[in-house]
Amino acid sequence: MQENPDALNTQAIELATSGSYPEAVACLKRALALDRENYLLWYNLGVIYRNSGELECAKQSLKKAASINGEDADIFETLGLICYSLQEYDDAYGYYMAALELCDDDAHLWNNLGVLLFARGEYNNACEAFEEAVTIFPHYYDALYNLRDTYAELGNTTGASICNEKLKTLTPPQN
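Reading the values: the criteria
- Along each chain, residue indices are assigned from 1 in the same order as the chain's sequence is written.
- The predicted origin of the model limits local features to residues at a pLDDT of at least 70 and limits the giving and counting of side-chain atom pairs to 80 or more, whereas totals for whole chains, interfaces and linings rest on all residues.
- Heavy atoms from the whole structure form the basis of all side-chain values; hydrogens and water molecules are not counted.
- Segments assigned H or I by DSSP are reported as helices when at least four residues long, segments assigned E as strands when at least two residues long, and all are numbered from the N terminus.
- In this analysis, rings of Phe, Tyr and Trp, with Trp reduced to its six-membered ring, are considered paired at centre separations within 6.5 Å, and the interplanar angle assigns stacked below 30 degrees, edge-to-face beyond 60, and tilted for intermediate values.
- We call a residue buried when its accessible area falls under 20% of the maximum for its residue type, exposed when it is over 50%, and partly exposed in between, using a 1.4 Å probe and counting protein chains only.
- Here, over-ring charges are defined by two tests on the NZ atom of lysine or the CZ atom of arginine: distance to the ring centre within 6 Å, and angle to the ring normal within 35 degrees.
- Each salt bridge in this description consists of a side-chain nitrogen of Lys or Arg and a carboxyl oxygen of Asp or Glu lying within 4 Å of one another.

Backbone geometry follows two general trends: most residues other than glycine have a negative phi, and most peptide bonds adopt the trans configuration. One non-glycine residue, Gln 87, lies in positive phi territory at about 60 degrees. Mapping Gln 87 onto the fold places it in the loop between α5 (73-85) and α6 (89-102).

Summed over all chains, the structure comprises five aromatic pairs. On the numbers, 6.4 Å between centres and 25 degrees between planes, the contact of Tyr 141 with Tyr 145 is stacked. Taken together, the positions of Tyr 141 and Tyr 145, both in helix α9 (residues 141-154) and four residues apart, correspond to about one turn of that helix. The buried category is assigned to Tyr 141, whose relative accessible area is 18%. A cation sits over an aromatic face here: Arg 120 above Tyr 93, 5.2 Å from the ring centre. A cation over an aromatic ring shows up here: Arg 148 above the ring of Tyr 145, its NZ or CZ 4.4 Å from the ring centre.

Inspection of every chain in the model, using the stated rule, returns seven salt bridges. Where Glu 56 meets Lys 59, a salt bridge forms, and the shortest distance between an N and an O atom there is 3.7 Å. With Glu 56 and Lys 59 both in helix α4 (residues 55-68) and three residues apart, this pair spans about one turn of that helix. Lys 59 sits in the buried class, given a relative accessible area of 9%. Between Asp 90 and Arg 120 there is a salt bridge; the shortest N-O distance is 3.3 Å. Residue Asp 90 is found in helix α6, and its partner Arg 120 is found in the loop between α7 (107-119) and α8 (123-136); the two are separated by 30 residues along the sequence.

Below is the structure:
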């Protein structure tokens, strides 16, 4: 039986789901040996590297995916998350902005951008990003929580209080 990239990709996802990251990486590398220009294989390799804690390898795989397909916002968002984790804030900002150019109605993207801006001490800009996330998805618990903290940082006690009231009506996400 001849191996094919799609079957190897599926097998890699199954292996990664069960925590078998080295085996999943091996499957994707075999798939990439057969199809080097398949951006989805590179993306999945990056996600598996990220999930296994190999952030530099994840970043390189995702950059390759982005070079093949520059129209997938998920690639740029994931690159942004990885760069944020590596404290490469300028790169993370660039990737989030690239993702937002492709998909400006994604509340999670706006929230992630807000988290980055808050970490950089850019509270007014963070506030705008969190407000955008809540405008898109009014019941987005994490964004409301982050917006409340940002309002508090900015001294906007009224805004923080309103967010607190809304948070009481929502169920926190299960992580």
